[in-house]
Amino acid sequence: TRIRPSSKRCAVIGGSGFLGRHLVEKLLGKGYTVSVFDIRQSYELPGVTFHQGDLCDKQALLTALQGVSLVFHCASPAPASDDKALFQRVNIQGTQTVLQACTEAGIQKVVLTSSASVVFEGTDIKDGREDLPYAKKPIDYYTETKIEQEKLVLKACDKEKGLLTVAIRPHGIFGPRDPQLVPILVDTARRGNMKFIIGDGSNLVDFTFVDNVVHGLILSAESLRPESPICGKAYHITNDEPVRF
Ligand code: NAD
């Protein structure tokens, strides 16, 4: 039996991760029913159905997408990995599979968590806007595949077919349960490896509080309608103030 899609029923791919779990918690608070799809289950919550699987597996995705109308895609291998084949398999082929599954399941909206690094070429960017071109020489495999992933998702936006897409581009995300950014900074400082300054000390870096990223993801999902100018577009997301670094 096919469950009728409800606009308040969504799936979070990568929902066991740092950002994904914050998103899930906020969605529940806003009255959404949530299916989490992830290769691992890291917690339990009432109102959340967990589907353990690899996003490269279309059949597994289709099971998790039953009755869903909105999909948040927040899964990726850890950026620190150097495994080019893994990034290509998950971020490129996997995203193609996610989009195919979404089409087959009649999903109406897909919101991708991309990355601000897709426009970073290694030189400083201040007040960077969304009309900056994609990096021609991405800084690593992670970014190379995040660029291809974002292009795939935005290209899939098709009002005729009824699939609307948008991408949000945070840079570094911090907040409770952050497994990487702040713990690594603190650990490096404790080991005495932060006693030097790159440049003249006026460098800025853009970290975004996790709740603000979540807010941006939900706002874009709720604004995504056929007549909306955000269809098929990518948006940088930041706090009011960059952090002096
Ligand atoms: P995370 O590692 O905490 O979460 C990612 C989740 O994806 C994990 O739970 C992991 O199990 C899952 N996953 C990985 N491969 C999978 C696969 N093949 N199938 C199903 N699930 C899989 O990372 P995060 O920090 O929460 O990042 C979420 C998203 O935000 C990612 O797309 C990342 O590129 C993007 N992003 C993160 C930051 C940051 O600073 N954390 C900055 C910019 C963009």
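For the structure itself, consult the block above.
Residues numbered from 1 in each chain as written. Predicted model: local features only at pLDDT ≥ 70, side-chain atom pairs only at ≥ 80, totals over all residues. Heavy atoms only, no water.

A. The arrangement of the site of the ligand in detail. Taken together, 23 residues are adjacent to the ligand, and L19, D38, Y142, K146 and H171 come closest. At 3.0 Å from a nitrogen atom of the ligand is found a main-chain nitrogen or oxygen belonging to L55. Here the ligand loses 89% of its free accessible area of 830 Å² to cover by the protein chains. Broken down by class, the residue content of the shell around the ligand amounts to ten nonpolar, nine polar and four charged. (Near = heavy atom within 4 Å. Polar contact = N/O pair within 3.5 Å; in protein donor to acceptor, adjacent residues only side chain to side chain. Areas by Shrake-Rupley, 256 points an atom, 1.4 Å probe, with all protein chains shown as cover. Nonpolar A, V, L, I, M, F, W, Y, C, P; charged D, E, K, R; others polar.)

B. Fine view of the nonpolar core. Counting residues in each nonpolar core, the largest one holds 31 residues, and the members touching the most others are V12, L23, L27, V34, F72 and L217. Of all the secondary-structure elements, those providing two or more residues to this core are β1 (6-13), α1 (18-29), β2 (33-38), β4 (68-73), β6 (164-169) and α6 (210-223). At six residues, α6 tops the list of elements feeding residues into this core. In contact with F72, other than residues within four places in its own chain, are C10, A11, V12, I13, L23, L27, V111, L217, I218 and A221. F37, A156, L163 and A167 belong to the second largest nonpolar core, which has 29 residues in total. (Core = buried A, V, L, I, M, F, W, Y, C linked by side-chain atoms within 4.5 Å. Buried < 20%, exposed > 50% of the residue type's maximum accessible area, 1.4 Å probe, protein only. Helix = DSSP H or I, 4+ residues; strand = E, 2+ residues; numbered from the N terminus. Contact = heavy atoms within 4.5 Å.)

C. Expanded view of the environment of S220. Structurally, the position occupied by S220 is in helix α6. Sequence separation between S220 and Q180 is 40 residues, and the spatial gap between their C-alpha atoms is 26 Å. Apart from residues lying up to four places away in sequence, S220 is in contact with V111, V166, I168 and I230.

D. The packing of aromatic side chains, seen in detail. For the coordinates displayed, the defined rule picks out three aromatic pairs. Geometrically, the ring pair formed by F87 and Y142 is edge-to-face, given 5.9 Å between the ring centres and 65° between the ring planes. Placement of F87 in helix α3 (residues 84-104) and of Y142 in helix α4 (residues 141-155) is noted, with a sequence separation of 55 residues between them. We note that F87, like Y142, is buried. Centre to centre, the rings of F174 and F209 are 5.5 Å apart; their planes meet at 50°, and the pair counts as tilted. Residue F174 is located in strand β7 (residues 172-174), and its partner F209 is located in strand β9 (residues 207-209); the two are separated by 35 residues in the primary sequence. Taking relative accessible area as the criterion, F209 reaches 29% and is therefore assigned partly exposed. Its guanidinium or amino end placed over the ring of Y32, K8 lies 4.3 Å from that ring's centre, counting from NZ or CZ. Here the guanidinium or amino end of R21 rests over the ring plane of Y43, the centre of that ring lying 4.5 Å away. (Phe/Tyr/Trp six-rings, centres within 6.5 Å; stacked < 30°, edge-to-face > 60°. Lys NZ or Arg CZ within 6 Å of the ring centre and 35° of its normal.)

E. Region of interest: the pairing of β2. Buried residues dominate β2, accounting for five of its six residues. Pairing analysis gives five bridges linking β2 to strand β3 (residues 48-52), with the strands arranged parallel. Opposite V36, over in β3, you have F50 as the bridge partner. (Pairing = 2+ DSSP bridges.)

F. Region of interest: α4. Between its first and last C-alpha atoms α4 spans 21 Å; for 15 residues at 1.5 Å apiece the expected length is 21 Å, and the two agree. Taken together, the buried positions of α4 are Y142, T143, T145, K146, I147, Q149, E150, L152, V153 and L154. Against β4, α3, β5 (109-113), β6 and β10 (234-236) lie the buried residues of α4. (Expected span 1.5 Å × (residues − 1).)

G. Just the layout of surface pockets, in detail. Its volume calculated, the second largest pocket comes out at about 200 Å³. Lining the second largest pocket are Q96, L99, Q100, T103, G106, I107, A156, D158, K161, G162 and L163. (1 Å grid on protein atoms, 1.4 Å probe; cavity = no way out; pocket = protein on both sides within 12 Å on 5 of 7 lines; lining within 4 Å. Points joined across faces, edges and corners; volume = space filled by probe spheres on them.)

H. Layout of the side chain of K109. Relative to the elements of secondary structure, K109 occurs in strand β5. Despite being buried, K109 has no salt bridge partner; E222 is the closest side chain of opposite charge, sitting 7.8 Å away. Those residues in contact with K109 that sit more than four places away from it in its chain are S69, L70, V71, L163, L164, A221, E222 and L224. (Lys, Arg positive; Asp, Glu negative; His and termini not counted. Salt bridge = Lys/Arg side-chain N within 4 Å of Asp/Glu carboxyl O.)

I. Main features of the environment of V119. Along the chain, V119 turns up in the loop between β5 and α4. It is 24 Å that separates the C-alpha atoms of V119 and G17, two residues lying 102 residues apart in sequence. Not counting chain neighbours up to four residues away, the residues in contact with V119 comprise I125, L132, P133, A135, R169 and H236.

J. Region of interest: the packing of α1 against α6. Interhelical geometry of α1 versus α6 gives an angle of 60° and a closest axis separation of 9 Å. Our classification of the angle between α1 and α6 gives oblique. Considering the relative orientation of α1 and α6, their crossing is right-handed. The residues of α6 that touch α1, namely those facing F18, L19, H22, L23, K26 and L27, are V210, D211, V213, V214, L217 and I218. Counted by class, the contact of α1 with α6 contains nine nonpolar, one polar and two charged residues. (Axes fitted to C-alpha atoms, helices over the stretch in contact; angles between N-to-C directions. Parallel < 35°, antiparallel > 145°, perpendicular 65-115°, else oblique. Left-handed = near helix turned anticlockwise from the far one by under 90°.)

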